[in-house]
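Observations on the model geometry
What follows is each chain in one-letter form.
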Amino acid sequence: MLAFFTGKWSSYLAGVVVAFLFVLSLYVLNDSIGFSDPYLMISSYCERSIEIKRMDAPPEIDWQTAFLIGIFAGALGAALAGKEWRLRILPEANGKNALASMGATIATGIAGGFLVMLGLQIAGDSFLGLWSGALQASTGAWLFFASLLLWGIILTSTFAILKRRGSTSGDGESEKGK
Amino acid sequence: MHPLNLDGVWKIVAGGVLGAAFGFLIVKSKIAWRKTLMDQLFLKNTRFMRTFLASVAVGTIVFYFFNKWGLVDFHARPTFFWGAVGGGLLAAAGLTLCGQIPSSTIAAIASGRLYALWVLVGMLLAMPVANAFSRWFADSIGKWRDPLNCQPTIESAFPNGGVFWIAGIALAACLFLEFATPDKEEE
């Protein structure tokens with residue numbers, strides 16, 4: 001039993017558990033799951049605190065904020081139980097020096113996070129909300145995931161090709177230099 | 001039979017417990033790691049897609065019967081074709097850069113991956129912009145005609161077993177990925 005919590009999970013086991021958790025959430029909460037509202041609340045809270053130049057009174061906790069806090073606690077528990085908790089400042093070694101890697105991590109992190117959240121807001125729901133929608137055969141959710149996968153593969157391939165061309169031409173130049 | 005529909009403090013407690021279960025699952029399924037989503041987009045490792053398809057194969061059937069018995073109600077946002085397609089495009093561009101979704105960002109930070117804090121900053125910065133952008137979007141692109149004339153659910157478009165078709169196709173796709181893609185590597 002303990003191995004279930006501390007061991008590795010196959011993608012199929014994770015998928016089945018996700019499915020039951022989504023249905024259980026709909027039964028217990030009778031609401032679409034997700035936490036766009038707490039993100040909006042935290043964002044407005046930071047904006048207000050910057051405006052008045054001091055920490056504003058903390059907003060009230062609703063079930064979506066509790067869900068967000070729960071995700072943090074659950075993930076922390078799983079990482080500790082599975083011995084996967086590691087302090088990492090950079091995603092992975094990419095051959096660059098630490099300063100360049102840090103710059104790239106900050107730039108891609110902020111730009112990527114911004115675009116992901118903007119996309120989800122335009123789609124009208126959080127990622128988990130859309131996933132739950134897909135299980136309910138919602139056409140909007142399926143359109144979103146089809147678009148996400150298609151554009152994701154196209155954009156990633158384009159970036160990879162451009163990066164490879166960049167590094168090839170760079171090598172060429174260094175060869176000429178020799 | 002009807003949904004439990006908790007209220008007040010119990011709803012907050014239930015939200016916390018369900019959040020903890022999802023947080024645990026996000027780490028266990030490896031969706032929390034940037035690498036999982038990046039590898040999915042590069043088609044190097046289809047772990048995320050297999051998790052998603054397995055959840056669809058089981059979840060659509062479970063939801064269909066629970067909904068039929070009155071235990072759960074339909075709770076998904078109304079379909080807006082251009083919002084879903086445009087949102088998918090923007091989210092894909094973001095995923096290509098950072099490899100994180102909102103829930104995985106929180107889970108990654110909790111697991112010590114502090115680089116995800118920058119993603120969280122980006123997401124928080126997007127909220128006020130999204131509000132302004134949504135208004136512009138609703139006044140312009142929001143008025144465009146839906147080219148597919150989408151129904152709210154696939155089931156309403158295909159009433160004769162549409163849900164079972166979704167589950168069957170998801171299962172077949174899952175099996176295809178299992179046997180056709182070379183990835184089985186763990187982190």
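Quick notes on the rules
Residues numbered from 1 in each chain as written. Chains lettered and ligands numbered in written order. Predicted model: local features only at pLDDT ≥ 70, side-chain atom pairs only at ≥ 80, totals over all residues. Heavy atoms only, no water. Helix = DSSP H or I, 4+ residues; strand = E, 2+ residues; numbered from the N terminus. Contact = heavy atoms within 4.5 Å. Lys, Arg positive; Asp, Glu negative; His and termini not counted. Charge placed at Lys NZ, Arg CZ, Asp CG, Glu CD. Areas by Shrake-Rupley, 256 points an atom, 1.4 Å probe, with all protein chains shown as cover. Buried area = accessible area lost by both parts, 1.4 Å probe. Salt bridge = Lys/Arg side-chain N within 4 Å of Asp/Glu carboxyl O. Nonpolar A, V, L, I, M, F, W, Y, C, P; charged D, E, K, R; others polar. Core = buried A, V, L, I, M, F, W, Y, C linked by side-chain atoms within 4.5 Å. Buried < 20%, exposed > 50% of the residue type's maximum accessible area, 1.4 Å probe, protein only. pLDDT = per-residue confidence, 0-100. Axes fitted to C-alpha atoms, helices over the stretch in contact; angles between N-to-C directions. Parallel < 35°, antiparallel > 145°, perpendicular 65-115°, else oblique. Phe/Tyr/Trp six-rings, centres within 6.5 Å; stacked < 30°, edge-to-face > 60°.

Broken down by element type, chain B carries 8 helices and 0 strands. Start at the N end of chain B and walk to the C end: the helices and strands fall as α-α-α-α-α-α-α-α. Taking the principal axes of its C-alpha atoms as reference, chain B extends roughly 45 × 45 × 45 Å. Restricting the contact set of chain B to residue pairs at least 6 apart, pairs at least 24 apart contribute 67%. Here chain B contributes 15 positive and 11 negative side-chain charges, whose respective centroids are spaced 4 Å apart.

Once that is clear, we can look at the overall build of chain A. Along its length, chain A carries 7 helices and 0 strands. Taken from the N to the C terminus, the helices and strands of chain A come in the order α-α-α-α-α-α-α. A separation of at least 24 residues holds for 53% of the contacts in chain A among residues at least 6 apart in sequence. When the accessible surface of chain A is summed, it comes to about 9200 Å², and 68% of that surface belongs to carbon and sulfur atoms.

Moving on to the interface of chain B and chain A. With 109 residues of chain B at the contact, the number on the chain A side is 104 residues. Taken together, both faces of the contact between chain B and chain A bury some 9900 Å²; the carbon and sulfur share is 75%. Looking only at chain B, the three residues that lose the most surface to chain A are Phe 22, Lys 28 and His 75 of chain B, adding up to 8% of its buried area. In this structure, the connection of chain B to chain A is made through 2 salt bridges. Every element with two or more residues in the side of chain B that touches chain A is listed here: helix H1 (8-28), helix H2 (34-41), helix H3 (47-68), helix H4 (81-98), helix H5 (102-110), helix H6 (116-139), helix H7 (154-157) and helix H8 (162-180) of chain B. For the side of chain B that touches chain A, the per-class residue count stands at 69 nonpolar, 27 polar and 13 charged.

If you look at the biggest cluster of nonpolar residues, it comprises 76 residues, and the most contacted ones within it are Tyr 39, Phe 127, Leu 128, Trp 131, Phe 144 and Phe 145 of chain A. Excluding residues that lie within four positions of it along the chain, Trp 131 of chain A makes contacts with Val 18, Phe 22 and Phe 145 of chain A together with Ile 31, Phe 48, Thr 51, Phe 52 and Ser 55 of chain B.

On average, residues of chain A carry a pLDDT of 85, and 89% of them reach 70 or more. Predicted confidence for residues 172-178 of chain A stays below pLDDT 50, and this span has 0 contacts to residues more than four positions away or in other chains.

Remark: helix H6 (residues 127-135) of chain A packs on H3 of chain B, axes separated minimally by 8 Å, with the N-to-C direction vectors making an angle of 50°. Put simply, H6 of chain A runs oblique to H3 of chain B. Contact residues: Phe 127, Trp 131, Ala 134 and Leu 135 of chain A in H6 of chain A; Phe 48, Thr 51, Phe 52, Ser 55, Val 56, Gly 59, Thr 60 and Phe 63 of chain B in H3 of chain B. Residues that form the contact of H6 of chain A with H3 of chain B fall into these classes: 8 nonpolar, 4 polar and no charged.

Moving on, we come to H6 of chain A. All names here are of chain A. Of all 9 residues in H6, 9 are buried; the element is thus mostly enclosed. Those residues of H6 that sit buried are Phe 127, Leu 128, Gly 129, Leu 130, Trp 131, Ser 132, Gly 133, Ala 134 and Leu 135. Ala 137 sits one or two residues past H6 and shows a positive phi near 60°.

All right, on to the packing of aromatic side chains then. In total, this model carries 21 aromatic pairs over all chains according to the counting rule given. For the pair Phe 127 of chain A and Phe 145 of chain A, a centre-to-centre distance of 5.5 Å together with 85° between the ring planes defines the contact as edge-to-face. Within this pair, whereas Phe 127 of chain A is found in helix H6, its partner Phe 145 of chain A is found in helix H7 (residues 139-177), the two being separated by 18 residues in sequence. There is no split in this pair, since Phe 127 of chain A and Phe 145 of chain A are both buried. In textbook terms, an aromatic cluster arises when at least three aromatic residues are bridged by ring pairs, as seen for Phe 22, Phe 67, Phe 127, Trp 131, Trp 142, Phe 144 and Phe 145 of chain A together with Phe 22, Phe 48 and Phe 52 of chain B.

Moving on: the pattern of salt bridges. Overall, the coordinates contain 4 salt bridges over all chains when judged by the stated rule. Linking Lys 30 of chain B and Glu 84 of chain A is a salt bridge whose minimum nitrogen-to-oxygen distance equals 3.7 Å. With one member in each of two chains, Lys 30 of chain B in the loop between H1 and H2 and Glu 84 of chain A in the loop between helix H4 (63-81) and helix H5 (98-123) form a pair that bridges those chains. The pair Lys 30 of chain B / Glu 84 of chain A is uniform in exposure class, with both members buried. The residue Glu 178 of chain B makes a salt bridge to Arg 50 of chain B at a minimum N-O spacing of 3.5 Å. Taken as a pair, Glu 178 of chain B in helix H8 and Arg 50 of chain B in helix H3 lie far apart in primary sequence, 128 residues in all. By relative accessible area, Arg 50 of chain B is classed as buried at 7%.

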